[in-house]
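Understanding the architecture of this molecule
What follows is each chain in one-letter form.
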Amino acid sequence: DIQMTQSPASLSASVGDRVTITCRSSQYISTFLNWYKLKPGEAPNLLISAASNLQPGVSSRFGGSGSGTEFTLTITSLQPEDFATYYCQQAYSNPLTFGGGTKVDIK
Amino acid sequence: QVQLQESSPGLVKPSETLSLTCTVSGYSIKNGFYWGWIRQPPGKGLELIGSVYYTGSSYYNPSLKSRVAISMATSSNQISLQLQSVTAADTAVYYCARLHGIMGTKIDFWGQGILVPVSS
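To keep things clear, this report deals only with the structure shown in the data block. (Residues numbered from 1 in each chain as written. Chains lettered and ligands numbered in written order. Predicted model: local features only at pLDDT ≥ 70, side-chain atom pairs only at ≥ 80, totals over all residues. Heavy atoms only, no water.)

Residues and elements named next belong to chain A. Under the criterion given, the structure shown has seven salt bridges over all chains. When the shortest N-O distance is used, the salt bridge between Asp 82 and Arg 61 registers 2.7 Å. Within this pair, whereas Asp 82 is found in the loop between strand 8 (70-75) and strand 9 (85-90), its partner Arg 61 is found in the loop between strand 6 (53-54) and strand 7 (62-67), the two being separated by 21 residues in sequence. Comparing Asp 82 with Arg 61 shows no difference in burial state: the two are buried. (Salt bridge = Lys/Arg side-chain N within 4 Å of Asp/Glu carboxyl O. Helix = DSSP H or I, 4+ residues; strand = E, 2+ residues; numbered from the N terminus. Buried < 20%, exposed > 50% of the residue type's maximum accessible area, 1.4 Å probe, protein only.)

Next up, the structure:
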């Protein structure tokens, strides 16, 4: 299985901050990388597919980049609704696997 | 808008079979896509359990394959999960979801998830 490693595991930030989350894969996955946002009690939300494709309806303050084995999710100006846990997921080979998550909370 | 809703089995005892149903609205599951289950144990990450296509084609995570069955009921637009011989390690939030694409699979619609405790 491809192992996905996210960093940091958690971070504290303020509204308006720029936040960067990194995801690394244990082997080459091209750009087959998706990002999700999870909040307790809510359905998870797909933010970005194929490393950098913003999903319809997702705010443009979210951006994704990277290829190969290293990827980044950036939130340019953190909003109150962005405090959540973010997960990356590789889509290169079965079984699909996820990173351990990055919890973004209020400083 | 596609919506998915998991049903609650309540408490499941060790060694029993966990059974969950997911009702899909806003899309007919026989029209395509893989439909599956993902779980998240408390304090841990997400794990794909498996998925199924309306033709009957299925994929199961090798880590769970010997204990899992996922099926579809197109007449009621539902997806079901059965996980046999459960232990406390199977306590998790279980999500049903739509999987989009064969290559570069993304999970574009999810249910809210349901916590299933395994305890005697």
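Now for the interface of chain A and chain B. With 18 residues of chain A at the interface, the matching set in chain B holds 21 residues. When chain A packs against chain B, the two sides together hide about 1600 Å² of surface, and 65% of this comes from carbon and sulfur. On the chain A side of the interface with chain B, the three residues burying the most area are A:Pro44, A:Leu96 and A:Phe98, jointly 31% of the side's total. Joining chain A to chain B, the criterion identifies zero salt bridges. Summed over the shared surface of chain A and chain B, the result is six residue pairs in polar contact (both at pLDDT 80 or more). Broken down by secondary-structure element, the contributors of at least two residues to the side of chain A that touches chain B are strand 4 (33-38), strand 5 (45-49) and strand 9 of chain A. Its residues assigned to classes, the side of chain A that touches chain B comprises eleven nonpolar, six polar and one charged. (Contact = heavy atoms within 4.5 Å. Buried area = accessible area lost by both parts, 1.4 Å probe. Polar contact = N/O pair within 3.5 Å; in protein donor to acceptor, adjacent residues only side chain to side chain. Nonpolar A, V, L, I, M, F, W, Y, C, P; charged D, E, K, R; others polar.)

Here the focus is the state of the cysteines. All names here are of chain A. Per the stated rule, a full pass over the model turns up two disulfides over all chains. The disulfide that involves Cys 23 links it to Cys 88, with 2.1 Å between the sulfurs. Between Cys 23 and Cys 88 the disulfide shows an S-S torsion of about 75°. By sign, it is right-handed. In this pair, Cys 23 sits in strand 3 (residues 19-25) while Cys 88 sits in strand 9, placing the two residues 65 residues apart along the sequence. Residue classification places Cys 23 among the buried residues on the basis of a relative accessible area of 0%. (Disulfide = S-S within 2.5 Å.)

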